[in-house]
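Report on the structure
Each chain, letter by letter, is given below.
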Amino acid sequence: LMVDGHLGPSAEWTTVLTPLWIWDLVILFYHFRVIMMGPFKKPDHIPQEEWVDPLPMPKRIFSLFRFCLLVIFEILVALRLDDAFQWKWYFIFIPLYIWECTMVYKKVPLAKMRIVTVEDLENALGKPFAEFTQAEKDLISKKYTVVPSTSSPQFEAAYKVKTRARQDVVKLIFRVVFIIFLVFQLDTEMDMNWWVVFVPLWLMSFCICFANCQNFAEVQAMAMEKDPELFGEKKNNDNEESASSYGAMGSEKKKRPLTNEEKEELKAQVMHSGYRMISSCCSQSFILLIACLFVGKIQGAGFSALWIISPLLMVAGIILCC
């Protein structure tokens, strides 16, 4: 309504965005409440040397700082749209620049994380892991993520964290390029086509969908290698028997059959990866639909601005009807 001019010439963005300010106050209250809770107490059944605070105080303060940057950016944008001042847009975006820098500080170390096994460390230092001194363990923990083996759940969890961090870094690069394009469009007389300005977002959505599809293909291939019967393929017992007869000549040994629990876990991994791929593609399609409507409007299309949020209204209506 504000964009279409139905609220009158005296309407201000700072007033129209009142629901956003209320939401920000609720989130700020939550962050302050979490900080005021203080450190978590150690449970009695966990030894002191093994206890790690799941939400340390520096992490809570860092989260509050990052959210405050977004709130400051929102306020500056609203005041700039109301012509409260005539600052350049590159200055308005300074809180967002800092927010992206905090994302670099948070994600780049995880993306560069080096995962090593206990066996690798024992071979490198020439002694069992149990004989490592505390100083050596502390030094190793600062540079590496130590896991029992490459087939352990700890390795899978660490690898997922590293993969997601790399994806977040790629998203960050696209966002930074988009912000540069946007600031140049707003502060200069380049007058680029808005569809060109939003090219980084189109590419980012494509990369997100492609990455999830590739991840699903890798998980499916891994599962098929471990258990071909899961995908309706039967093993060739004759070939396996003939291959095992050449064991003395150095051929590979017959693989241990999977237990029912392992098969169920393997199936769950494939299903989880498939659900993630579908949800990612659907969410990106939804975001692209809204972005295309928005770009079409600022490019000069004559439809009402309500069409931009019509997908959100449709989803909200379906949820309320259910």
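Right, let's walk through the structure included here. Please read all numbers here as calculations on a predicted model, not as lab measurements. (Residues numbered from 1 in each chain as written. Predicted model: local features only at pLDDT ≥ 70, side-chain atom pairs only at ≥ 80, totals over all residues. Heavy atoms only, no water.)

This part is about a nonpolar patch on the surface. Together, L1, L7, V16, L306, I309, L312 and L313 make up an exposed nonpolar region whose accessible area comes to about 580 Å². Note on placement: L313 falls in helix α13 (residues 310–321). When its relative accessible area of 52% is taken as the criterion, L313 is described as exposed. (Patch = residues over 30% accessible without salt bridge, like charges linked within 9 Å, V, L, I, M, F, W, Y side chains within 5 Å. Areas by Shrake-Rupley, 256 points an atom, 1.4 Å probe, with all protein chains shown as cover. Salt bridge = Lys/Arg side-chain N within 4 Å of Asp/Glu carboxyl O. Helix = DSSP H or I, 4+ residues; strand = E, 2+ residues; numbered from the N terminus. Buried < 20%, exposed > 50% of the residue type's maximum accessible area, 1.4 Å probe, protein only.)

The next subject is unusual backbone geometry. Unlike most non-glycine residues, D83 shows phi in positive territory, near 60°. Mapped onto the fold, D83 is located in the loop between α3 (57–81) and α4 (89–92).

Okay, the side chain of T117 next. Summarising the element assignment, T117 is placed in strand β1 (residues 114–117). At 2.9 Å, the side chain of T117 forms a polar contact with the side chain of D120. In this structure, T117 is in contact with V147, P148, S149 and T150, ignoring residues within four places of it in sequence. (Polar contact = N/O pair within 3.5 Å; in protein donor to acceptor, adjacent residues only side chain to side chain. Contact = heavy atoms within 4.5 Å.)

Here the focus is the pattern of salt bridges. Should their charged atoms come close, side chains of opposite charge can pair. Counting across every chain of the model gives four salt bridges. Put simply, D83 and R80 hold a salt bridge, and the shortest N to O gap is 4.0 Å. The buried category is assigned to R80, whose relative accessible area is 15%. Among the salt bridges present, the one from E100 reaches R175, with a minimum N-O distance of 2.9 Å. With E100 in helix α5 (residues 94–111) and R175 in helix α8 (residues 153–187), the pair connects residues that are 75 residues apart, well separated along the chain. Relative accessible area serves as the criterion here: at 6%, E100 is assigned to the buried category. Each of K107, D168 and K171 takes part in a single network of salt bridges with overlapping partners.

Before going further, it helps to examine the packing of aromatic side chains. The relative placement of two aromatic rings is captured by the distance of their centres and the angle of their planes. Applying the stated criterion to the full structure yields twelve aromatic pairs. Consider the rings of F155 and Y159, whose centres lie 6.2 Å apart with planes at 15°: the pair is stacked. Taken as a pair, F155 and Y159 lie in helix α8 at a separation of four residues, close to a single helical turn. On the basis of relative accessibility, which here comes to 22%, the residue F155 falls in the partly exposed class. Y159 gets classed as partly exposed once you look at its relative accessible area, which sits at 47%. Members of the aromatic cluster, each reached through a chain of ring pairs, are F178, W194, W195, F198, W202 and F294. If you follow K297 out to its NZ or CZ, it ends over the ring of F303, 5.9 Å from the centre. (Phe/Tyr/Trp six-rings, centres within 6.5 Å; stacked < 30°, edge-to-face > 60°. Lys NZ or Arg CZ within 6 Å of the ring centre and 35° of its normal.)

As a further point, take the packing of α3 against α5. Relative to each other, α3 and α5 sit at 155°, their axes nearing to 8 Å. Our classification of the angle between α3 and α5 gives roughly antiparallel. Helix-helix and strand crossings are classified by hand; for α3 and α5 the assignment is left-handed. On α5, the residues that touch F62, F65, R66, L69, L70, I72, F73 and L76 of α3 are P95, L96, I98, W99, T102, M103, Y105 and K106. (Axes fitted to C-alpha atoms, helices over the stretch in contact; angles between N-to-C directions. Parallel < 35°, antiparallel > 145°, perpendicular 65-115°, else oblique. Left-handed = near helix turned anticlockwise from the far one by under 90°.)

Where α8 contacts helix α10 (residues 199–226), the two axes come as close as 9 Å, and the packing angle between them is 170°. The angle between α8 and α10 falls in the class roughly antiparallel. The residues of α10 that touch α8, namely those facing Q167, K171, F174, R175, V177, F178 and F181, are P200, L201, L203, M204, C207, I208 and A211. Per-class residue counts for the contact of α8 with α10 are eleven nonpolar, one polar and two charged. (Nonpolar A, V, L, I, M, F, W, Y, C, P; charged D, E, K, R; others polar.)

Before going further, it helps to spend a moment on the nonpolar core. I92, F93, F178, W194 and F198 are the most contacted members of the largest nonpolar core, which totals 22 residues. Among the secondary structure elements, those contributing two or more residues to this core are α3, α4, α8, α9 (194–197), α10 and α12 (260–298). With five residues, α8 is the largest single contributor of residues to this core. Contacts of W194, omitting those with residues within four sequence positions, involve L182, Q185, L186, V295, I298 and Q299. (Core = buried A, V, L, I, M, F, W, Y, C linked by side-chain atoms within 4.5 Å.)

Shape is all these values report; function is a separate question.
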